[in-house]
Amino acid sequence: MTYSFCSDDFALNPYWWDKTPRPEVEDQALPGSTDVLVIGSGYTGMHCALQTAGAGRQTTVIDAQDLGWGCSTRNGGQISGEIKPDFDQLSRRYGNAEAHALISEARNALDWLGGFVDEQGLDCDYQRNGRFVAAHSARQFDKLVASVQHQPAGLEQSLRIVEPQNQSSEIDSVYYHGGMVVDRHCSLDPAKYHAGLVELARASGAELIGNCAATNIERDGSGFRVTTARGVIQTRELVIATNGYSGTLAPWQQCRVIPIGSYMLATEPMALERSAKLMPQHRVFSDTRKIVVYFRLSPDGRSLLFGGRVSVFESDPVKSLPALRQEMLRIFPQLEDVRISHTWMGFVAYTFDELPHLGQQDGIHYAMGYCGSGICLASYLGHRLGQQMLGLEEGATAFDKPRFQTRPLYSGKPWFLAPSVRYYQMVDRFS
Ligand SMILES: Cc1cc2nc3c(=O)[nH]c(=O)nc-3n(C[C@H](O)[C@H](O)[C@H](O)COP(=O)(O)OP(=O)(O)OC[C@H]3O[C@@H](n4cnc5c(N)ncnc54)[C@H](O)[C@@H]3O)c2cc1C
């Protein structure tokens, strides 16, 4: 089913997959044993494998679908290195030192990622173009101003307020009430980035096997016996890197992450003079709503890529497309005649404390729960996890300290999501 506002070549796939087609699934045999088995082939799994394979450990990465099929090839390509809780919230929970450590490590992760992409020469349209945080109300604008004026000591970064009367330099819209520029934030093409990681992991000796869902884990002496769609594999060490797609395979992890659907659309290409007017600085955008919308231009500058969550319950992206497009038109009414070429969705993983977590439970390693900021943090924590597995001091991270919490009666199906979305939609309306 399509709509009159869809282009003739409308696709129910991530925009990125046109330029980076899905890898062919080869009929690869699963080795009988391996030193390290990584379940999940997104940024977390690939970065972990890069470390262990690079150090000579026989490393096998498997994915239930084709390689990188999860969020890592379907995200918005906005890179922040920010965690959700602010300094005050974190210092109330853990004290000032820990709060400082968590925020500064996440921020440093952004520099680390930029350095990694540069050093490896990855062709992934990495752009250091900054973010515009758009205020959805005058009250939120005042809060942004206060946040710029009162940055926690030692955690200052380059932030600039853009007054409402000057915001046309950033966005061709009267929907917002001014905003804030975060100079450090960046963007990339997520699928090209993932394809680069696949190449690097293969070159470092990792074996990567798609269409190979893991269905059962048993302890076997000092290692594990994992049953998969392609047979059984023995492994000395096991990594769960399934993030928002974590299922019953690893119940301890599953009941600690909250899968939340995020939905995106892409417009058909516009003339450059027209698209460049929308966001003249070519930055990435998000707004101050709790149920946030995020958008940017494609790397070639011609399509608008717009994301958010418009339905209360999880939905088919085709069904929620009219409402998502309506949201886009509220901000950019001038795009009424521009057709939609793609829509898609994926599951991000939230956590109860809104922090990502890395650690080991019952001998199984994991890193997950990036709360929508996984380009930077999944890459970085996957890398740190691999270093920890090698016993390297560089693997030290503040993100393995906070307790990875669950809640009573929660087993991985977020029954509370719909009422929470409704509640936050109301908060957004009145804030
Ligand atoms: C629409 C959307 C927009 C987003 N936008 C941004 C953004 O702009 N910026 C940002 O930083 N982040 C964004 N994110 C989040 C980001 O993409 C993720 O945090 C990140 O990709 C997580 O990487 P990962 O490797 O941990 O998980 P994933 O990439 O999701 O990989 C998990 C993999 O595990 C596999 N798997 C699950 N179960 C099994 C099993 N039993 N056996 C084998 N394999 C299994 C899945 O098939 C999947 O491929 C967005 C996400 C979505 C969906």
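Anything mentioned here points back to the structure above.
Note that the structure is predicted; figures quoted are calculated from it, not measured.

## Considerations on unusual backbone geometry
Its identity as a non-glycine residue notwithstanding, E354 has a phi of 60°, on the positive side. Looking at the element boundaries, E354 is found in the loop between β17 (340–350) and β18 (357–361). For E354, a relative accessible area of 29% corresponds to the partly exposed category. Located in the positive-phi region is C371, a residue other than glycine, with phi close to 50°. Assignment of secondary structure puts C371 in the loop between β19 (364–368) and α10 (374–389). Look at C371 and you get buried, because its relative accessible area is 2%.

## Some thoughts on the pattern of salt bridges
Between side chains of opposite charge, a pair can form as their charged atoms come close. Applying the stated criterion to the full structure yields 20 salt bridges. The residue E170 makes a salt bridge to R283 at a minimum N-O spacing of 2.8 Å. Here E170 is found in the loop between β6 (159–162) and β7 (179–182), whereas its partner R283 is found in the loop between α8 (272–278) and β14 (284–287), with 113 residues between them in sequence. Its relative accessible area of 11% is what places R283 among the buried residues. If you follow the salt bridges from partner to partner, you end up with D287, R289, E327 and R330 in one network.

## Points about the site of the ligand
Contacts to the ligand come from 36 residues, most closely from T44, D63, A64, S72 and Q78. Within the backbone of G77, one N or O atom sits 3.4 Å away from an oxygen atom of the ligand. Taken by itself the ligand offers 1,000 Å² of open surface, and the protein chains cover 95% of this. Counting residues per element, the ones that place at least two in the shell around the ligand are α2 (43–54), β13 (258–267), β17 and α10. It is α10 that contributes the most residues to the shell around the ligand, three residues altogether. In the shell around the ligand, the residues fall into 17 nonpolar, 17 polar and two charged.

## What to know about the side chain of R309
With respect to the helices, strands and loops of the structure, R309 is situated in the loop between β16 (304–308) and α9 (317–331). Note on R309: relative accessible area 10%, which makes it buried. Reaching out from R309, the side chain makes a polar contact with the backbone oxygen of S311 at a distance of 3.1 Å. From its side chain, R309 meets the backbone oxygen of V312 in a polar contact 2.9 Å long. Residues within four places of R309 in sequence aside, it is in contact with I260, G261, Y263, I291, V292, E314, L417 and V421.

## Examining the pairing of β13
The buried count for β13 comes to 10 of 10 residues, which makes it a mostly enclosed element. Relative to β17, β13 runs antiparallel, the two sharing 10 bridges. What sits directly across from I260, in β17, is V348. Relative to β16, β13 runs antiparallel, the two being bridged by four bridges. By the bridge assignment, L265 is partnered in β16 with F306.

## Remarks on α9
One turn of the α-helix equals 3.6 residues, which is why residues spaced by three or four share an orientation. For α9, which comprises 15 residues, the first-to-last C-alpha distance of 20 Å matches the rise-based estimate of 21 Å (1.5 Å per residue) to within 8%. Of all the bends in α9, the greatest, near 25°, is centred on A323. When α9 is considered as a whole, its buried residues turn out to be P317, V318, S320, L321, L324, R325, E327, M328, L329 and I331. Contacts made by the buried residues of α9 are with β1 (6–11), β13, β15 (294–297), β16 and β17. Between a side-chain oxygen at the N-terminus of α9 and the backbone nitrogen of V318 the separation is 2.8 Å; the capping residue is D316.

## With respect to the environment of H194
One can find H194 in helix α6 (residues 190–203). For H194, a relative accessible area of 3% translates into the label buried. The spacing of H194 and S72 is 122 residues in sequence and 6.7 Å in space, taken between C-alpha atoms.

## Observations concerning the packing of helix α3 (residues 87–94) against helix α4 (residues 96–120)
Closest axis-to-axis distance for the α3/α4 pair is 7 Å, and the angle between their directions is 135°. Taken together, the axes of α3 and α4 lie oblique to each other. Between α3 and α4 lies a crossing of right-handed hand. Side by side, α3 and α4 meet where F87, L90, S91 and Y94 of the first sit next to N96, E98, A99, H100, L102 and I103 of the second. Classifying every residue of the contact of α3 with α4 gives six nonpolar, three polar and one charged.

What counts, and where the lines are drawn
Residues numbered from 1 in each chain as written. Predicted model: local features only at pLDDT ≥ 70, side-chain atom pairs only at ≥ 80, totals over all residues. Heavy atoms only, no water. Helix = DSSP H or I, 4+ residues; strand = E, 2+ residues; numbered from the N terminus. Buried < 20%, exposed > 50% of the residue type's maximum accessible area, 1.4 Å probe, protein only. Salt bridge = Lys/Arg side-chain N within 4 Å of Asp/Glu carboxyl O. Near = heavy atom within 4 Å. Polar contact = N/O pair within 3.5 Å; in protein donor to acceptor, adjacent residues only side chain to side chain. Areas by Shrake-Rupley, 256 points an atom, 1.4 Å probe, with all protein chains shown as cover. Nonpolar A, V, L, I, M, F, W, Y, C, P; charged D, E, K, R; others polar. Contact = heavy atoms within 4.5 Å. Pairing = 2+ DSSP bridges. Expected span 1.5 Å × (residues − 1). Bend = angle between axes of the 7 residues up to and from the residue. Axes fitted to C-alpha atoms, helices over the stretch in contact; angles between N-to-C directions. Parallel < 35°, antiparallel > 145°, perpendicular 65-115°, else oblique. Left-handed = near helix turned anticlockwise from the far one by under 90°.

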